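A look at the structure
This is what each chain is made of:
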Amino acid sequence: MLTDLRIRRLGVIDEANVDLASGLTVVTGETGAGKTMVVTGLGLLLGQRADTGLIRSGSRSARVEGTWLPVVDSVAAVAEELGAEWDDDGLVTVREVASNGSRAYVGGARVPNGKLAEVASAGLTIHGQSEQVRLASSERQREVLDACAGPQMATLLERYRAVHQECRTVQAERDRLRQHAQERARELDMLRFSLDEIAAVEPQPGEDADLHAETVRLQATDDLRQAAAEASMALAGDDTGEDPGAMGRLGRAREVLGRAARDDATLADLASRAGELSHLANDLASEVASYLAGLEADPQRLEWIAARQADLAKLTRKYGEDVDAVLAWAATSAQRVAELDGDDTRIDELDARAEALQQQLQQLADEVTVARQEAATDLAEAATSELAALAMPHARISFEIERIEPGPSGQDRVQLMFTANPGSTPGPLGKVASGGELSRVRLALEVVLAERSGSAHHTFVFDEVDAGVGGAVATEIGRRLSRLARTAQVIVVTHLAQVAAFADLHLVVAKASDGQVTSSQVRRVADRDRSAELARMMGGTQAEVALAHAEELLAAAQASRDRHGADS
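Residues numbered from 1 in each chain as written. Predicted model: local features only at pLDDT ≥ 70, side-chain atom pairs only at ≥ 80, totals over all residues. Heavy atoms only, no water.

1. Observations regarding the overall build of the chain
When you go through the chain residue by residue, the secondary structure sums to 19 helices and 15 strands. Relative to the compact-globule value of 24 Å for 568 residues, the chain shows a C-alpha radius of gyration of 47 Å, a clear excess of over 25%. Structurally, the chain occupies a C-alpha span of about 155 × 65 × 45 Å along its principal axes. Residues classed as buried in the chain amount to 43% of the 568 residues present. Put simply, of all contacts in the chain between residues at least 6 apart along the chain, 68% involve residues at least 24 apart. Surface summary for the chain: the accessible area is close to 29,600 Å², and the carbon and sulfur share equals 49%. Distance between charge centres in the chain, computed from 60 positive and 90 negative side chains, equals 9 Å. (Helix = DSSP H or I, 4+ residues; strand = E, 2+ residues; numbered from the N terminus. Rg over C-alpha atoms; globule rule 2.2 N^0.38 Å. Buried < 20%, exposed > 50% of the residue type's maximum accessible area, 1.4 Å probe, protein only. Contact = heavy atoms within 4.5 Å. Areas by Shrake-Rupley, 256 points an atom, 1.4 Å probe, with all protein chains shown as cover. Lys, Arg positive; Asp, Glu negative; His and termini not counted. Charge placed at Lys NZ, Arg CZ, Asp CG, Glu CD.)

2. Details of the side chain of glutamate 214
When you line up the elements, glutamate 214 lands in helix α8 (residues 207–219). The class of glutamate 214 is buried, set by a relative accessible area of 15%. Apart from the residues within four sequence positions on either side, glutamate 214 is in contact with Arg301 and Ile305.

3. A look at the packing of helix α10 (residues 245–260) against helix α11 (residues 267–294)
Between α10 and α11, the least distance of the axes is 8 Å, while the angle of their chain directions is 160°. For the element pair α10 / α11, the angle class is roughly antiparallel. Judged by the sense of rotation from one axis to the other, the crossing of α10 with α11 is left-handed. Along its contact with α10, which presents Met247, Leu250, Gly251, Arg254, Leu257, Gly258 and Ala260, the element α11 presents Leu267, Leu270, Ala271, Ala274, Gly275, Leu277, Ser278, Ala281, Asn282 and Ala285. The residue inventory of the contact of α10 with α11, partitioned by class, reads 11 nonpolar, 5 polar and 1 charged. (Axes fitted to C-alpha atoms, helices over the stretch in contact; angles between N-to-C directions. Parallel < 35°, antiparallel > 145°, perpendicular 65-115°, else oblique. Left-handed = near helix turned anticlockwise from the far one by under 90°. Nonpolar A, V, L, I, M, F, W, Y, C, P; charged D, E, K, R; others polar.)

4. Focus: the pattern of salt bridges
Per the counting criterion, the structure on display carries 32 salt bridges. Note that arginine 63 and glutamate 96 form a salt bridge whose closest N and O atoms lie 2.2 Å from each other. Of this pair, arginine 63 sits in strand β4 (residues 61–68) while glutamate 96 sits in strand β5 (residues 91–98), and the two are 33 residues apart along the sequence. Residue arginine 63 is classed as partly exposed on the basis of its relative accessible area, which comes to 23%. When its relative accessible area of 16% is taken as the criterion, glutamate 96 is described as buried. The salt bridge involving arginine 536 is made with glutamate 533; its shortest N-O contact spans 2.7 Å. Of the two residues, arginine 536 and glutamate 533 are both situated in helix α18 (residues 527–538); the distance of 3 residues between them amounts to about one turn of the helix. (Salt bridge = Lys/Arg side-chain N within 4 Å of Asp/Glu carboxyl O.)

5. So, the environment of alanine 104
The residue alanine 104 is located in strand β6 (residues 101–106) in this model. Residue classification places alanine 104 among the buried residues on the basis of a relative accessible area of 1%. Residues alanine 104 and leucine 44, 60 residues apart in the sequence, show an inter-C-alpha distance of 9.3 Å. In this structure, alanine 104 is in contact with Val94, Arg95, Ala109, Arg110, Val111, Pro112, Asn113 and Leu116, ignoring residues within four places of it in sequence.

6. Here we look at the pairing of strand β2 (residues 13–19)
Both strand β1 (residues 2–10) and β2 contribute to a ladder of 6 bridges, which runs antiparallel. Among the inter-strand pairings, arginine 6 is bridged to a residue of β2, identified as asparagine 17. Hairpin remark: β1 followed by β2, antiparallel, with 2 residues in the connecting loop; positive phi at glycine 11, about 60°. (Pairing = 2+ DSSP bridges.)

7. Considerations on the environment of alanine 535
The residue alanine 535 is located in helix α18 in this model. Each C-alpha atom, one on alanine 535 and one on cysteine 167, is 62 Å from the other, the two residues being 368 residues apart in sequence.

8. As for the confidence of the model for the chain
Within the chain, residue pLDDT values average 88, and 95% of them lie at 70 or more. Within the chain, strand β10 (residues 410–419) carries the highest mean pLDDT (95), whereas helix α4 (residues 130–134) carries the lowest (64). (pLDDT = per-residue confidence, 0-100.)

9. Here's the deal with helix α12 (residues 299–319)
A rise of 1.5 Å per residue sets the reference length of α12, with its 21 residues, at 30 Å; its end C-alpha atoms lie 30 Å apart and thus fit the reference within 8%. What α12 keeps buried is the set Ile305, Arg308, Leu312, Leu315 and Tyr319. Buried residues in α12, looked at end-on, bunch into an arc of 80°, giving them a common side. Within α12, the exposed residues directed more than 90 degrees away from the buried face are Pro299, Glu303, Arg317 and Lys318. (Expected span 1.5 Å × (residues − 1). Arc of directions from axis to C-beta.)

10. Considerations on unusual backbone geometry
Cis peptide bonds are those with omega within 30 degrees of zero, and the linkage from leucine 69 to proline 70 qualifies with 0°. By the element assignment, proline 70 lies in the loop between β4 and α2 (73–81). Phi at arginine 9 is positive, roughly 55°, even though this residue is not glycine. Of note, arginine 9 is situated in strand β1. Unusually for a residue other than glycine, aspartate 527 sits at a positive phi of about 55°. Inspection of the secondary structure puts aspartate 527 in helix α18.

11. A few points about the environment of glutamate 552
Assignment of secondary structure puts glutamate 552 in helix α19 (residues 543–567). Distance from glutamate 552 to arginine 524, taken between C-alpha atoms, is 20 Å for residues 28 residues apart in sequence.

12. Let's talk about the domain arrangement of the chain
Splitting the chain by domain gives domain 1 (1–128 + 464–567) and domain 2 (207–321). One C-alpha centre belongs to domain 1, the other to domain 2, and the line joining them spans 103 Å. (Domains from an automatic or database assignment.)

13. Side note on the sheet that holds strand β9 (residues 396–407)
Strand pairing in a sheet is mediated by backbone hydrogen bonds. Such pairs are either parallel or antiparallel. Within the open sheet, the 3 strands sit side by side as β9-β10-β11. Their pairing is antiparallel. Taken across any chain shown, the strands that pair with only one partner, and hence form the sheet edges, are β9 and β11 (427–428). Bridge count for β9 against β10 is 9 bridges, and the pairing is antiparallel. Opposite isoleucine 397, over in β10, you have phenylalanine 418 as the bridge partner.

This is how it looks when you write it as structure tokens:
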């Protein structure tokens, strides 16, 4: 429930602090005084679009604050997730509108407008005059019917929409695969040809680099043989014995140092090292000799390498800069072939899944239709009864539910049919109802829905729901709103004294001017002041007569509340 509302610099309202209570609160005032700014402020708390034109002239920003108490579980869960804080005085929500945008706060934490709406909509519902226009649409009539069906319908529709979305996703993927079947076939043939071409050559990792190195070596055989021979002679010496080579010299050094070590032990280590070098030189000489012995020219091998390099070059021209890149391309392409090969299987799987989802969707759609048909009978009877009490005793409401292709909201097109006179054939509400009749139909539906969905902690706001009516009908509107206020908090913006007379709390929006700036204030009226406001609303020209009439209205409204309170 909304316990207080604070408005700053919004339209003609400079500053207003409104303490609210349970029951029925009415907001009245002269035309142009700013009554609708109260509803506009509540709309801002619901996350509605913020128009900078709402900012009071000469101000930089507008601000609306609302305090909610108690903080119901659904609101507390969202608020806690947002990092909001609240205490025994309630949860404060704020909307600020400035030239550079709007900001929203819940319990001191800045939040997106959508989150503010999520918090506020759990406790507040606004029924404005725009609803009268929307009510003529088939879509809104379906929404009204679904609201009448209650939370079970909401759960059923949530399941239906989830299956509907999955079904659309599956069908879209299947259709995409079917649509591109020829492209996939062409791609598959190209990839298979290329993979066959690579497989025929059988390239090995790093093969092109290895062949290049071998080619260089074979082409330099004579130079390599000469270098190996010179190295062998330098290590082992020549056959004449004139040049002992490195091996002979190291052997001689070891022998000399070994003899000298008898006289100086420090030379023993040097002799040992000379021996090690001698062994290493011996091993090196053997390896050089072995290399020289195996070094042969091989023209046939060179010819084979050239042919192999030509085969590899064909692949690297098409598929990669070297053999390793060609092999990487082949691996990726093989995976793509597997994917393309699996598309036919995937289409079959998607066909089966789509068929199963269609069956499930149809079953859920049928359940939604049955629930709507039951709700249609229930809502039509209740709303027709309400219309009879609103001075339309012969009016009848019914709902036509036509089967259509299943969509996001089911397989039903809903049409609200209406007739105000006996013997007349019902027609679509938007075409056959006058403005006053449409207003009363809207009120009848809203009261029925509000009574079924409301709680002691919920707030319903009705913005001039009595437009286009008067007299006894207005009295019945006030009586029904008062009845609704026994189970929920109700705030009504009205211009009819017959409605205002039923209020538990009466607020007046009054306009004042200092000759330069016009501003409005919101004040609570009671007793004599309230009678005076009702008299003003009735347009009485004789003060005492108008006041007497106003007091009669108040007394009649009080008697009606007492009587219906006793009945309940």
